[in-house]
Every structure is written in structure tokens, then in C-alpha cells.
Amino acid sequence: EGALRIATTERVWETNQSTNQVYVLTHDADEKTLNAVGAVYDIAPDEQIYAVRFQGDRGFVVTFRQVDPLFTLDLSEPAAPRIVGELKVPGFSTYLHPFGPDHLIGLGHTATDEGRVTGMQLSLFDVGNFAAPTLAHTQSLGEGWSDALNNHHAFTFWAPESLVMVPV
């Protein structure tokens, strides 16, 4: 509806500190510019954004350092976006895909509580209660690698059969 949303991680290399933001931009046709009309600042300080999904008035951001916070964002008011909920689980997702109105599929890595990556994993997040998302299910994919971790074109979801296809 005329708004562009962008999620960013900014890192100060000298101190190895980072901040994460979600900006809502609108187009000013007269000045031929994009202007920030709203933002959420300081999402998970000192972590890095690994996955983002914007879906209508909702947004989802995954950050990682030692655990995987999945943040839910209300984007219904462009000038006042806000974090609504958060779920922390070990590991992190690098790709998020909608699965109906109340679920997200996450593809990413498992990790120890200390943040050491141990393998690949598919996750099913229940976001039906937007203020309190939950991890509904996980499926380990072992210690392999998949292009789908970094390229959404390698991830296929076939809705008629609720089938996920990922090259591993």
C-alpha cells in the first residue's frame, strides 16, 4: 500500500557491536526520494539479522548470536511499526516461508546453547498468537548443506500437498 519495508543490520567493525532496525519508507514523488516514516530500532543488539519475511501488515525477523530470536512485528501503522512478540530457540533460520495464516516454515541451522552450529533444520513456527509465537515442530536435516539456506529459489513449497522440497 505504498510503503517499502527494509530490515538492516549495522555493525561497527572496530567494536564488533551491531544494531538491527526495520524501516518503513514511503515515496515522495515531488522530490523523487524515499523517506523513512517509521522504524523499529535496536532489535536484538549485538546480534545479526539472518531472515526476514514481510506478509501484509505483519513482519517476522530472525536474528542470531547464540539463540534464534524470532520477532513478530505489527506493521499496520507505517509511522508506528512495533515488535509484538518474541520466541527464543537454539539455532537460527536463514529463510522464512508462510504456511497458511498462522504458521511459518523456517529453514536454517541447529545450534548449541552456546551458539555453535551443529547441522541443518526445518522449523515450523506457530504465529497464530502473534504476541507469543511458539515452535510447533522441528525436523533435523543433518550436517549437510543446502543452496536454499542462501537462495530462496532453491526452496520449494507445494501448497496443494503441504510439501516442502529442499536440496540437501
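All figures in this text were calculated on a predicted structure; none of them were measured in a lab.

Caption draft 1: Fine view of the overall build of the protein. Each helix and strand counted, the protein has 0 helices and 13 strands in total. Of the regular secondary structure in the protein, the N- to C-terminal order runs β-β-β-β-β-β-β-β-β-β-β-β-β. When its C-alpha atoms are laid out on the principal axes, the protein stretches across 50 × 45 × 30 Å. When the 168 residues of the protein are sorted by exposure, 38% land in the buried category.

Caption draft 2: Representation of the environment of Met 165. When you line up the elements, Met 165 lands in strand 13 (residues 163-165). In sequence terms Met 165 and Pro 78 are 87 residues apart; their C-alpha atoms lie 35 Å from each other. Look past the residues within four positions of Met 165 in its chain and what remains in contact with it is Ala 154, Phe 155, Thr 156 and Trp 158.

Caption draft 3: Here's a closer look at the sheet that holds strand 2 (residues 17-28). Strand order in this open sheet of 3 strands is 1-2-3, and the pairing throughout is antiparallel. Each edge of the open sheet carries a strand with a single partner, namely strand 1 (3-12) and strand 3 (33-40). Going across the sheet, the axis of each strand differs from the next one's by a mean of 35 degrees, ignoring polarity.

Caption draft 4: Spotlight on the sheet that holds strand 9 (residues 103-111). With antiparallel pairing, the 4 strands of this open sheet are ordered in space as 8-9-10-11. If you trace the sheet from one side to the other, it starts and ends with strand 8 (92-98) and strand 11 (134-142), each paired once. Going from strand to strand, the sheet's axes swing by 25 degrees on average, the running direction of each strand aside. Note that strand 9 and strand 10 (residues 117-126) share 9 bridges and pair antiparallel. Bridge pairing in strand 10 places Gly 108 opposite Gln 121.

Cut-offs and rules
Residues numbered from 1 in each chain as written. Predicted model: local features only at pLDDT ≥ 70, side-chain atom pairs only at ≥ 80, totals over all residues. Heavy atoms only, no water. Helix = DSSP H or I, 4+ residues; strand = E, 2+ residues; numbered from the N terminus. Buried < 20%, exposed > 50% of the residue type's maximum accessible area, 1.4 Å probe, protein only. Contact = heavy atoms within 4.5 Å. Pairing = 2+ DSSP bridges. Axes fitted to C-alpha atoms, helices over the stretch in contact; angles between N-to-C directions.

Any link to function would need more than the numbers given here.
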